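# Descriptive analysis of the structure
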Amino acid sequence: MTEVAMPVHSVTDDLDARLVHALQLDGRAPFSTLAAVLGTSPQTVARRYARLREPGGLRVIGRTDPPRDRVRWMVRLSSTPDAAVTIAQAVARRADASFVALASGGTEVICVAEGPGDMSETPLLRRLPQTPRVVAVRAHQLLHLIFGGRSGWYAKLDALSSEQVAALRPPVPSGDPVTPDRVDHLLLEALSRDGRTGSAALSRIAAVTESSVRRRVQRLRDAGLLYFDLQLDPAVLGYHSTTLLWLSVTPARLEPVAAELAGHAEVAFAAVTTGRANIVAALICRTADDLYRYLTRSLSPLDGIVQVETVPVMRQVKHLTSDGLVRPG
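Residues numbered from 1 in each chain as written. Predicted model: local features only at pLDDT ≥ 70, side-chain atom pairs only at ≥ 80, totals over all residues. Heavy atoms only, no water.

### Here's the deal with the sheet that holds strand S10 (residues 305-316)
Put simply, the rule reads: By definition, two strands form a pair when at least two bridges between them are found by DSSP. Segments assigned H or I by DSSP are reported as helices when at least four residues long, segments assigned E as strands when at least two residues long, and all are numbered from the N terminus. Geometry is summarised by axes, namely lines fitted to C-alpha atoms with helices restricted to the contacting stretch, and by angles between N-to-C directions that run from 0 to 180 degrees. Any two residues whose heavy atoms approach within 4.5 Å are treated as being in contact.
The strand order S2-S4-S3-S10-S7-S9-S8-S5 describes a closed barrel built from 8 strands, whose pairing is antiparallel. Sheet twist, expressed as the mean angle between neighbouring strand axes with direction ignored, is 35°. When strand S7 (residues 241-249) meets S10, the two strands line up antiparallel, connected through 7 bridges. Bridge assignment links tryptophan 246 to a residue of S10, and that residue is glutamate 309. Across the sheet, helix H11 (residues 288-299) is in contact with S7, strand S8 (267-273), strand S9 (279-285) and S10; its angle to S7 comes to roughly 25°.

### A word on helix H2 (residues 31-38)
We apply this condition: The buried label applies to any residue whose accessible area, calculated with a 1.4 Å probe on protein chains only, is under 20% of its type's maximum; exposed applies above 50%, and partly exposed to all values in between. Regarding the arc, it is the one traced by the directions from the helix axis to the C-beta atoms.
Along H2, the positions that sit buried rather than exposed are Leu34, Ala35, Val37 and Leu38. Across the axial projection of H2, the buried residues extend over an arc of 165°, all falling on one side. Close packing links the buried residues of H2 with helix H1 (14-25), helix H3 (42-53) and helix H6 (162-168). Phi turns positive one or two residues past the end of H2, at glycine 39, with a value near 75°.

### Comments concerning the pairing of strand S5 (residues 134-147)
Summarising the sheet, strand S2 (residues 71-79) and S5 pair through 7 bridges and their orientation is antiparallel. Bridging across to S5, leucine 77 finds its partner in valine 137. Bridging between S5 and S8 involves 4 bridges; their strand directions are antiparallel. Residue histidine 144 lies in a different strand from S8, and its bridge partner there is valine 272.

### Overview of the nonpolar core
For clarity, the threshold we go by: Nine residue types can take part in a nonpolar core, namely buried Ala, Val, Leu, Ile, Met, Phe, Trp, Tyr and Cys, and a core is a set of them joined through side-chain atoms within 4.5 Å.
Residues Leu19, Val20, Leu23, Leu34, Tyr154 and Leu168 are the most contacted members of the largest nonpolar core, which totals 43 residues. No other element matches the 6 residues that H1 contributes to this core. Among all residues touching tyrosine 154, those that are not within four sequence positions of it are Val20, His21, Gln24, Leu230, Leu232, Asp233, Pro234 and Leu237. With 21 residues, the next largest nonpolar core counts Leu77, Val109, Cys111 and Val134 among its residues.

### Side note on the pattern of salt bridges
Here is the rule we go by: What makes a salt bridge here is a side-chain nitrogen of Lys or Arg within 4 Å of a carboxyl oxygen of Asp or Glu, nothing more.
Scanning all chains against the criterion turns up 19 salt bridges. Measuring nitrogen to oxygen at the nearest pair gives 3.2 Å for the salt bridge that ties arginine 48 to aspartate 16. Highlighted residues: arginine 48 in helix H3 and aspartate 16 in helix H1, separated in sequence by 32 residues. Arginine 48 gets classed as buried once you look at its relative accessible area, which sits at 18%. For aspartate 16, a relative accessible area of 0% puts it in the buried group. By sharing partners, the salt bridges in this structure join Asp13, Asp16, Arg48 and Arg51 into a single network.

### A short note on the pairing of strand S6 (residues 227-231)
For S6, the buried fraction is high: 5 of the 5 residues fall into the buried class. Residue alternation in S6 divides its side chains into two sets, Tyr227, Asp229 and Gln231 and Phe228 and Leu230, and both sets are buried. Two strands pair when backbone bridges link them, and strand S1 (residues 59-63) and S6 are joined in this way by 5 bridges, in the antiparallel orientation. Within S6, the residue paired with glycine 62 across the bridge is phenylalanine 228.

### Some words on the environment of methionine 74
Summarising the element assignment, methionine 74 is placed in strand S2. The class for methionine 74 is buried, based on a relative accessible area of 1%. In the structure, methionine 74 is positioned 221 residues away from leucine 295 in sequence and 22 Å away in space, judged by C-alpha atoms. With sequence-adjacent residues up to four places away left out, methionine 74 is seen in contact with Phe99, Ile110, Cys111, Val112, Arg138, Ala139, His140, Leu142, Trp246, Phe269 and Val280.

These results come straight from atomic positions and should not be treated as a statement about function.
Below, the structure is given as structure tokens:
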């Protein structure tokens with residue numbers, strides 16, 4: 001979906017929050033397992049899951065870590081106000097672009113572009129300066145992931161008890177090497193569209209038996225090649241303020257500041273980047289007042305931050321995901 005979404009209002013309760021937290025831990029857990037942990041019925045879990053899919057686009061997405069030779073850039077496009085939405089939608093249709101958002105009062109488009117090598121080999125970055133009504137392009141290479149990847153923000157909701165978390169958290173991947181074959185790639189592609197696709201549907205897609213599907217999916221998970229993430233509009237859970245922070249941090253304090261940021265409940269994504277600001281972070285807060293409290297009480301005490309730029313995100317055209325960010329739902 002590349003249309004600019006309208007704001008979503010919260011329609012959820014504590015059970016929904018606990019279900020979202022549970023799915024962040026194990027997005028492929030059967031409804032019966034989720035129900036047992038949450039203390040409700042499988043039918044209730046199924047209804048709640050279906051309801052969350054509608055207003056906020058809840059999706060469980062199967063993911064793999066990006067190849068080591070892929071380079072990712074956080075790109076800031078300044079445009080004329082009348083062109084920003086059109087440019088954002090055009091960028092969102094590209095397979096090499098993710099996390100496309102309108103920011104800065106609708107005059108800035110922010111996205112993540114991926115390419116096989118340096119900047120000159122990233123197709124989107126070659127094309128953007130030639131785009132009509134784009135007045136400036138700033139590209140910042142993402143050098144190191146601080147928070148994101150396999151650690152999803154919805155686990156920071158803390159909606160579940162430690163016992164419930166332990167019951168749902170998958171085992172640590174063994175790391176045993178696995179080379180995916182043609183069938184594995186078919187399964188990975190299907191799960192990247194819907195991580196809860198059933199074994200029967202997967203068996204038809206890959207032309208293997210359901211038991212083979214279950215073995216293969218578990219083998220990919222055990223090897224650490226496959227994990228599951230969530231796509232959901234935070235506004236559904238009452239979080240209506242999404243903001244990007246560009247932080248300039250003294251080099252000697254870069255790692256300590258990064259470690260602190262990773263533990264902050266509001267930080268959904270953070271990475272070390274090139275440019276005048278050397279850390280970019282995405283914050284999710286309930287309200288503007290909560291954002292203010294975060295800036296003044298959680299961020300300001302961190303030693304080493306010399307400059308902060310806050311960029312409110314007006315609308316997301318492609319949503320955040322773990323490794324630098326998502327495909328449309």
